[in-house]
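# Structure at a glance
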Amino acid sequence: MEIPLIQAPATADASQLHHWLSAIAKQDGRAFQALYDATSTKLFGFALRILHKRELAEEVLQDSYVNIWNNAGSYQSSLAAPMTWMITIVRHRAIDQLRRLDHDVEIDGEDFDMDLLQALESTEPTPARRLELSQDARALSSCMSRLESAHRQAMALAFFHDLSHSEVAQQLSLPIGTVKTWIRRGLDKLRLCLNRKEAA
């Protein structure tokens, strides 16, 4: 299947992306094109950030959309937001590409967090976005920012996207024991930080 490499950006919310993925699962080419138009710029930027070479990022992007076309039926909204699911596919493809090139693979957790947040960010203010501005949310954000980036990433996937420990381990390509340890330590540090802020 030939896919154009770069398209003009478009915007779509999670429910629209989910609708397109459901249609793609039924081999709807128009839905696939719409999904591509709405997400390719962000996903290309994410791939480029990992690979640093445009031609490699374009190859990964194309492979990722073939994967999305072939596996749209396996997407489950209860496990991850549509963009998170697609970003994870791109990330795994990019890491595989680096490994094929015999590069040491070390993904910066902060870069991943930032790109993930940017990719998920809506163009319109939402109740969730307004909640982030509340005092409690600011305290949580402050405490989260003090965690090690890898721990913060694992916790974000587990709690903000409702993934199980095994699913987080799969998405991060890590042993489940490591993920459980990171989340447990992260929760302990988070609880301590929030208690200190509450007492202050």
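As a reminder, the structure under discussion sits directly above these lines.
Being a predicted model, the structure only gives us computed values, none of them experimental.

## Quick word on the nonpolar core
Core analysis: the biggest nonpolar cluster contains 33 residues, and Leu21, Ile24, Leu35, Leu43, Leu51, Ile68 and Met86 have the highest contact counts within it. Those elements that place two or more of their residues in this core are helix H1 (14-24), helix H2 (29-51), helix H3 (54-71) and helix H4 (82-100). With eleven residues, H2 is the largest single contributor of residues to this core. Once you skip the residues sitting within four places of it in the chain, Leu21 turns out to touch Leu35, Ile68, Ala72, Tyr75, Pro82 and Trp85. Counting 16 residues, the second largest nonpolar core, distinct from the first, contains Val168, Ala169, Leu172 and Ile183.

## Concerning the state of the cysteines
Inspection of the entire model under this criterion finds one disulfide. Sulfur-sulfur distance for the disulfide between Cys143 and Cys193 comes to 2.1 Å. Judged by the sign of its S-S torsion, about -80°, the cystine formed by Cys143 and Cys193 is left-handed. With Cys143 in helix H7 (residues 135-145) and Cys193 in helix H10 (residues 176-199), this pair connects stretches of sequence that are 50 residues apart. Residue classification places Cys193 among the buried positions, given a relative accessible area of 10%.

## A short note on the pattern of salt bridges
Pairs may arise between side chains of opposite charge once their charged atoms sit close together. Enumeration over the complete set of coordinates arrives at three salt bridges. Glu148 is the salt-bridge partner of Lys189, the closest N and O atoms lying 3.8 Å from each other. Residue Lys189 is found in helix H10, and its partner Glu148 is found in the loop between H7 and helix H8 (149-160); the two are separated by 41 residues along the sequence. Here Asp188 ties to Arg191 by a salt bridge, and the two come within 3.2 Å at their closest N and O atoms.

## Points about the packing of aromatic side chains
Following the criterion strictly, the structure yields four aromatic pairs and no others. When the centroid spacing of 6.1 Å and the interplanar angle of 90° are considered together, the rings of Phe32 and Tyr65 count as edge-to-face. Placement of Phe32 in helix H2 and of Tyr65 in helix H3 is noted, with a sequence separation of 33 residues between them. For the pair Phe32 and Tyr65, a shared accessibility class is recorded, and that class is buried. Ring geometry for Phe32 and Trp69: centres 5.3 Å apart, planes at 85°, overall edge-to-face. Here Phe32 is found in helix H2, whereas its partner Trp69 is found in helix H3, with 37 residues between them in sequence. Across the pair, exposure class does not vary: Phe32 and Trp69 are buried alike.

## Examining the environment of Ala156
Mapped onto the fold, Ala156 is located in helix H8. The exposure class of Ala156 is buried, given its relative accessible area of 16%. Expressed as a C-alpha distance, the spacing of Ala156 and Met144, which sit twelve residues apart in the sequence, is 9.3 Å.

## Comments concerning H10
Look at H10: 35 Å from first C-alpha to last across 24 residues, which is about the 34 Å you get at 1.5 Å a residue. Taken together, the buried positions of H10 are occupied by Val179, Ile183, Gly186, Leu190 and Cys193.

## So, H4
Residues lying three or four places apart along an α-helix face the same way, a consequence of the helix completing one turn every 3.6 residues. A rise of 1.5 Å per residue sets the reference length of H4, with its 19 residues, at 27 Å; its end C-alpha atoms lie 27 Å apart and thus fit the reference within 8%. Counting buried positions over the 19 residues of H4 gives 14, a clear majority of the element.

## As for the packing of H1 against H2
Relative to each other, H1 and H2 sit at 145°, their axes nearing to 8 Å. Here H1 and H2 pass one another in a crossing that is left-handed. Touching Leu17, Trp20, Leu21, Ala23 and Ile24 of H1 are Ala31, Phe32, Ala34, Leu35, Ala38 and Thr39, all from H2. Per-class residue counts for the contact of H1 with H2 are ten nonpolar, one polar and no charged.

Calculation rules
- Starting afresh in each chain, residues are numbered from 1 along the sequence in its written order.
- Local features in this predicted model are restricted to residues whose pLDDT is 70 or higher, and side-chain atom pairs enter the listing and the counts only when it is 80 or higher, whereas totals over whole chains, interfaces and linings include all residues.
- The side-chain values count all of the structure's non-hydrogen atoms but skip hydrogen atoms and water molecules.
- Note on terminology: a nonpolar core comprises buried Ala, Val, Leu, Ile, Met, Phe, Trp, Tyr and Cys residues joined through side-chain atoms within 4.5 Å.
- Classification of residues uses two cut-offs on accessible area relative to the type maximum, computed with a 1.4 Å probe and protein chains only: under 20% is buried, over 50% is exposed, and between them is partly exposed.
- To qualify as a helix, a DSSP run of H or I must reach at least 4 residues; to qualify as a strand, a run of E must reach at least 2; elements of each kind are numbered from the N terminus.
- We call two residues contacting when some pair of their heavy atoms lies within 4.5 Å.
- Only a pair of cysteine sulfur atoms within 2.5 Å qualifies as a disulfide here.
- Here, a salt bridge means any Lys or Arg side-chain nitrogen found within 4 Å of an Asp or Glu carboxyl oxygen.
- Between the rings of Phe, Tyr and Trp (Trp by its six-membered ring), a pair exists once the centres lie within 6.5 Å; its type follows the angle of the planes, with under 30 degrees stacked, over 60 edge-to-face, and the other angles tilted.
- Helix span is expected to be 1.5 Å times the residue number reduced by one.
- Only the contacting stretch of a helix is used when fitting its axis, a line to C-alpha atoms as for every element, and angles between N-to-C directions run 0 to 180 degrees.
- Helix crossings are classified by the rotation of the near helix relative to the far one: an anticlockwise turn of less than a right angle makes the crossing left-handed, while a clockwise turn makes it right-handed.
- Note that Gly is not counted as nonpolar here; it falls among the polar residues with everything else outside the nonpolar set of Ala, Val, Leu, Ile, Met, Phe, Trp, Tyr, Cys and Pro and the charged set of Asp, Glu, Lys and Arg.

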